[in-house]
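Here are the chains, one letter per residue:
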Amino acid sequence: MPATPAWPPQSTPRLFVTPPLGPGAYTLEGAQAHYLAQVMRLKPGAPVKLFDGVSGEWLAVAESIGKRALTLDVRERLRAVEAVPDLWLCVAPLKKGRIDWVAEKASELGVARLVPVVTQRTVVDRLNGERLYAHMVEAAEQCGRTAVPELAEAVKLAALLRDWPEGRALFFADETGGAAAAAAMAARAGPAAILIGPEGGFTPDERDAIRALPQAVGIGLGPRILRADTAAAAATALWMASAGDWGAESPVPIIDFSQ
């Protein structure tokens, strides 16, 4: 007897939607409707997975497909919203392709908040926030996340340090030398952030200002010089591993987006 196919199949498309989801009819318009109808060639009765960053992931079934809109029947919740590690990634804007890559990997690795930080050596004058957020959404859709990182407004380094939360550790990549990253992160449990400078690094004055912050911890990322985007991904991975997000017994500090 042939095995019963899995339902919904692994190939089921996933989409992030903004309004809170629940059982019943749901209408998609614009680019998302075009993607399902014209790119995926979705037919009535086909499954779609939806998630909203608040209530989790839901199974829906296509009911009617038009030229400009698509109606789905949301039937059941497949998963609750994920436990999001309370980690911010603060990174100086990089050239277009590389900052997009950082946004994508931040979403894949489970970062809660991406904060663009303008430093003295930052070479990018403007950021396209819509494009960056779209990269994070697409990464979340593809890697199975049920939440999308928050994208903060760009902030100057001095303002970031001035308003830094008292209870949040700040691990900054110090190219002049710092504590071994894994050990330093393991020693400081709780909400945290990682700060990565621009291609040219922090200026001496900026480094002094960061070190003056009581919550700041300078970290080293090995014997090789890393590009800023590589450093962002490497430091994030180290924190996730040390905090327990990758299967360690110690619980990772989380943000509850379902409230």
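Refer to the preceding data block for the structure.
Residues numbered from 1 in each chain as written. Predicted model: local features only at pLDDT ≥ 70, side-chain atom pairs only at ≥ 80, totals over all residues. Heavy atoms only, no water.

Right, let's get into the packing of helix 2 (residues 96-109) against helix 3 (residues 129-143). Here helix 2 crosses helix 3 at 40°, and the two axes come no closer than 8 Å. With respect to helix 3, the element helix 2 is oriented oblique. Handedness of the helix 2/helix 3 crossing: right-handed. Here Lys96, Ile99, Asp100, Ala103, Glu104, Ser107 and Glu108 of helix 2 lie close against helix 3, whose contacting residues are Arg131, Leu132, His135, Met136, Ala139, Ala140 and Cys143. Its residues assigned to classes, the contact of helix 2 with helix 3 comprises seven nonpolar, two polar and five charged. (Axes fitted to C-alpha atoms, helices over the stretch in contact; angles between N-to-C directions. Helix = DSSP H or I, 4+ residues; strand = E, 2+ residues; numbered from the N terminus. Parallel < 35°, antiparallel > 145°, perpendicular 65-115°, else oblique. Left-handed = near helix turned anticlockwise from the far one by under 90°. Contact = heavy atoms within 4.5 Å. Nonpolar A, V, L, I, M, F, W, Y, C, P; charged D, E, K, R; others polar.)

Moving on: the side chain of Glu57. By the element assignment, Glu57 lies in strand 4 (residues 57-65). By relative accessible area, which is 4% here, Glu57 ends up buried. Separated by 2.6 Å, the side chains of Glu57 and Arg14 make a polar contact. What Glu57 contacts, discounting residues up to four positions off in sequence, is Arg14, Lys49, Leu50, Phe51, Glu76, Arg77, Leu78, Arg79 and Thr146. (Buried < 20%, exposed > 50% of the residue type's maximum accessible area, 1.4 Å probe, protein only. Polar contact = N/O pair within 3.5 Å; in protein donor to acceptor, adjacent residues only side chain to side chain.)

This part covers the pattern of salt bridges. One pass over the full model with this rule turns up 14 salt bridges. Here Arg168 makes a salt bridge to Asp86, at a shortest N to O gap of 3.0 Å. Taken together, the residues Arg168 in the loop between helix 4 (157-162) and strand 11 (169-173) and Asp86 in the loop between strand 6 (84-85) and strand 7 (87-91) connect sequence positions 82 residues apart. Neither Arg168 nor Asp86 differs from the other in exposure class; each is buried. A salt bridge links Arg98 to Asp229, with the nearest nitrogen and oxygen atoms 2.7 Å apart. (Salt bridge = Lys/Arg side-chain N within 4 Å of Asp/Glu carboxyl O.)

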